[in-house]
Amino acid sequence: MEKVIIIRYAEIHLKGKNRGWFERVFVVNMEKSLKGLKHEIRRHSGRYLIENFEEGDIQTILERLKKVFGIHSYSVALKVSSDLDSIFSAAKQVCFDEGTFKVETHRADKTFPLNSMQISAEIGGRLLGDNRKIKVDVHNPQFVINIDLRENGTALIFNEFFKGAGGMPVSTSGKGMLLISGGIDSPVAGHMIAKRGMSIDCIHFHSYPYTNIQAREKVMELAKILSTYTCGTTLNIVSVTHIQEEIHRKCNGDYMITLLRRFMMRIAERVALKCGAQCLITGEALAQVASQTVEGMTSSNSVIEKLPVLRPLCGFDKDEIIERSRAIGTYETSIEPYEDCCTVFLPKHPVTRPKIADVMEEEKKLDVESLVEEALKSLETLNI
């Protein structure tokens, strides 16, 4: 009798002839997640088993598996040979001491002499005879004993199905560049896109010395948390202090955020193209703050030359974003009181519905290309 973890994948089963490639990426991601822990991953007819792990590592393994995109559900099971005595012995191990129960059997091995209902009845009857404190309730049981008979002469016996992260394996949907601030929204946006199978690199803009070193460390921690879902990430850090100072000196202050966002998008696209990313990702949510209007987004998009911009949070309200932030573990870090560059030289009355013609007129006061090139010279790249 051996304790194993059953892994059932999510949308991969919908794939056709290239399904094998998705599965190989899926296994690589699980291996990365479990790095440093003794284990073996083996494929068993549309699911995977994690075997030969240390008993003391099981909770750590389960916690890491929660963050692997592509997993539909997982269960801790006992693996035994597929004879009734062995199955009954394992069923006794997972059976509760008291309460109502039922037995559910999935019989992949069609050569087994009993069908699924007969196996369930046989094992249920033996359990009732062994323990007088349990009773059968097939409609609303307090616990379920699941029996999974495999084609290779083994059976898996378990109680619970734990919900996985779902989605698609990271790296099966290309690569994106996430504009990550120190706030609540952008890490959630990155998580949502990673769930659809995209690997994520990050870019962060700072305004040192107007922003302090703690703001940088906060973003590094957010990238580290996000990397546990994305099998690692790269954090690109760029200074825009000189750009903000130049806008402050030469332009209408009400356009500070609009103009700064345009510079960020230009710089992010260039860094993205250099590292092979195929899109930009932002944490913008429509109408959440003054700059996040259709007109503001149109202004930002208009400087992008080659890449699409994904805004997965566009239809979310703040409460929904906060709920997701708490669920993925970034919320407490995001609310630490260290300001990002967008709070520097913040105008009292920012333009909320900028007209492109007006924005372009303000931008003529700046040497855009020189400012972008100077920012790119400050680029620092960290592997998280």
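Scroll up to find the structure this text is about.
Residues numbered from 1 in each chain as written. Predicted model: local features only at pLDDT ≥ 70, side-chain atom pairs only at ≥ 80, totals over all residues. Heavy atoms only, no water.

**Q** Let's hear about the overall build of the protein chain: which residues, and what values?
**A** In terms of helices and strands, the protein chain carries 13 helices and 15 strands. The principal-axis extents of the C-alpha atoms in the protein chain amount to approximately 85 × 40 × 35 Å. When each of the 384 residues of the protein chain is scored for burial, the buried share is 52%. Summarising the internal contacts of the protein chain: among those between residues at least 6 apart in sequence, 80% fall at separations of at least 24. Accessible area for the protein chain stands at about 18200 Å²; split by element, carbon and sulfur atoms hold 50% of it. Charge-centre separation for the protein chain: the mean point of 50 positive side chains lies 4 Å from the mean point of 50 negative side chains. (Helix = DSSP H or I, 4+ residues; strand = E, 2+ residues; numbered from the N terminus. Buried < 20%, exposed > 50% of the residue type's maximum accessible area, 1.4 Å probe, protein only. Contact = heavy atoms within 4.5 Å. Areas by Shrake-Rupley, 256 points an atom, 1.4 Å probe, with all protein chains shown as cover. Lys, Arg positive; Asp, Glu negative; His and termini not counted. Charge placed at Lys NZ, Arg CZ, Asp CG, Glu CD.)

**Q** Give me empty space enclosed by the protein: which residues, what numbers.
**A** Under the criterion given, the structure shown has one cavity of 30 Å³ or more. In this structure, the largest cavity occupies an estimated 60 Å³ of space. For the largest cavity, the full set of lining residues is Ile257, Thr258, Arg261, Glu284, Ser291, Gly296, Ser300, Val351 and Pro354. If one sorts the elements of the lining of the largest cavity by residue count, helix H8 (residues 256-275) sits on top with three residues. Residue composition of the lining of the largest cavity, by class: three nonpolar, four polar and two charged. (1 Å grid on protein atoms, 1.4 Å probe; cavity = no way out; pocket = protein on both sides within 12 Å on 5 of 7 lines; lining within 4 Å. Points joined across faces, edges and corners; volume = space filled by probe spheres on them. Nonpolar A, V, L, I, M, F, W, Y, C, P; charged D, E, K, R; others polar.)

**Q** A description of the packing of helix H7 (residues 241-250) against helix H13 (residues 368-377) should follow, citing residues and the corresponding values.
**A** When two helices pack together, their arrangement is captured by the angle between the axes and the distance separating the axes. At a minimum axis separation of 9 Å, H7 and H13 run at an interaxial angle of 155°. Regarding the angle of H7 to H13, the classification is roughly antiparallel. Residues His242, Ile243 and Glu246 of H7 touch H13, and the partners they reach there are Leu371, Glu374 and Ala375. Classifying every residue of the contact of H7 with H13 gives three nonpolar, one polar and two charged. (Axes fitted to C-alpha atoms, helices over the stretch in contact; angles between N-to-C directions. Parallel < 35°, antiparallel > 145°, perpendicular 65-115°, else oblique.)

**Q** Tell me about the sheet that holds strand S13 (residues 280-281), and please be specific about residues and values.
**A** Strand order in the open sheet formed by six strands is S14-S13-S10-S11-S12-S15, and the pairing between neighbours is mixed. Each of the sheet's edge strands pairs with one partner strand only, and the pair in question is strand S14 (309-310) and strand S15 (380-383). Note: strand S11 (residues 199-206) against strand S12 (residues 234-239), five bridges, orientation parallel. When the bridges of S12 are listed, His206 appears paired with Ser239. (Pairing = 2+ DSSP bridges.)

**Q** Provide a residue-level description of the nonpolar core, including the pertinent values.
**A** Ranked by internal contacts, the top residues of the largest apolar core, which has 33 residues, are Ile203, Phe205, Ile243, Ile267 and Leu280. Looking at this core, the elements with two or more residues in it are strand S10 (175-179), S11, H7, H8 and H13. Among the elements that line this core, the one with the most residues is H8, at 10 residues. Once residues lying within four places of it in the same chain are set aside, the contact partners of Ile267 are Ile203, Phe205, Val238, Val240, Ile243, Val372, Ala375 and Leu376. (Core = buried A, V, L, I, M, F, W, Y, C linked by side-chain atoms within 4.5 Å.)

**Q** Quick one: what's the story with unusual backbone geometry, residue by residue and with numbers?
**A** The omega torsion across Tyr208 and Pro209 is 10°, close enough to zero to call that bond cis. Phi at Cys231 is positive, roughly 60°, even though this residue is not glycine. Take Cys231: it is sitting in the loop between helix H6 (213-230) and S12. If you check the backbone angles, Ala287 has positive phi at about 70° while not being a glycine. With respect to the secondary-structure elements, Ala287 resides in the loop between S13 and helix H9 (294-301).

**Q** Mind laying out the packing of aromatic side chains, listing which residues take part and the relevant values?
**A** Scanning the model with the defined rule gives nine aromatic pairs in all. A centroid spacing of 4.2 Å and a plane angle of 15° characterise the contact between Phe96 and Phe143, whose relative ring orientation is stacked. With Phe96 in the loop between helix H3 (84-94) and strand S5 (99-107) and Phe143 in strand S7 (residues 143-149), this pair connects stretches of sequence that are 47 residues apart. The exposure class of Phe143 is buried, given its relative accessible area of 4%. Feature note: the residues Tyr9, Phe26 and Tyr48 constitute an aromatic cluster, connected by ring pairs. Sitting above the plane of the Tyr229 ring, Lys67 keeps its charged end 5.3 Å from the centroid. When the ring centre of Tyr331 is taken as origin, the NZ or CZ atom of Arg326, which lies over that ring, is 4.0 Å away. (Phe/Tyr/Trp six-rings, centres within 6.5 Å; stacked < 30°, edge-to-face > 60°. Lys NZ or Arg CZ within 6 Å of the ring centre and 35° of its normal.)

**Q** Now, about the packing of H7 against H8: what can you tell me, with residues and values included?
**A** The geometry of H7 relative to H8 is characterised by a closest axis approach of 10 Å and an angle of 145° between their N-to-C directions. Here H7 and H8 pass one another in a crossing that is right-handed. In this structure, H7 contributes Ile243, Gln244, Ile247 and His248 to the contact, and H8 contributes Met256, Leu259, Leu260, Phe263 and Ile267. By residue class, the composition of the contact of H7 with H8 is seven nonpolar, two polar and no charged. (Left-handed = near helix turned anticlockwise from the far one by under 90°.)

**Q** Describe the layout of surface pockets, naming the residues involved and giving the relevant values.
**A** Estimated volume of the second largest pocket: approximately 340 Å³. Surrounding the second largest pocket, 16 residues form its lining, Phe69, Gly164, Ala165, His191 and Lys195 being those nearest its centre. Those elements giving two or more residues to the lining of the second largest pocket turn out to be strand S4 (71-81), helix H5 (185-195) and helix H10 (318-328). Partitioned by chemical class, the residues of the lining of the second largest pocket number eight nonpolar, four polar and four charged.

**Q** Please give an account of helix H2 (residues 58-65) that cites residues and values.
**A** Restricting attention to buried positions, one finds in H2 the residues Ile58, Ile61, Leu62 and Leu65. Here the buried residues of H2 occupy an arc of 95° about the axis, which is enough to place them on one side. Elements in contact with the buried residues of H2: strand S1 (2-9), helix H1 (19-33), strand S3 (47-51) and S4. (Arc of directions from axis to C-beta.)

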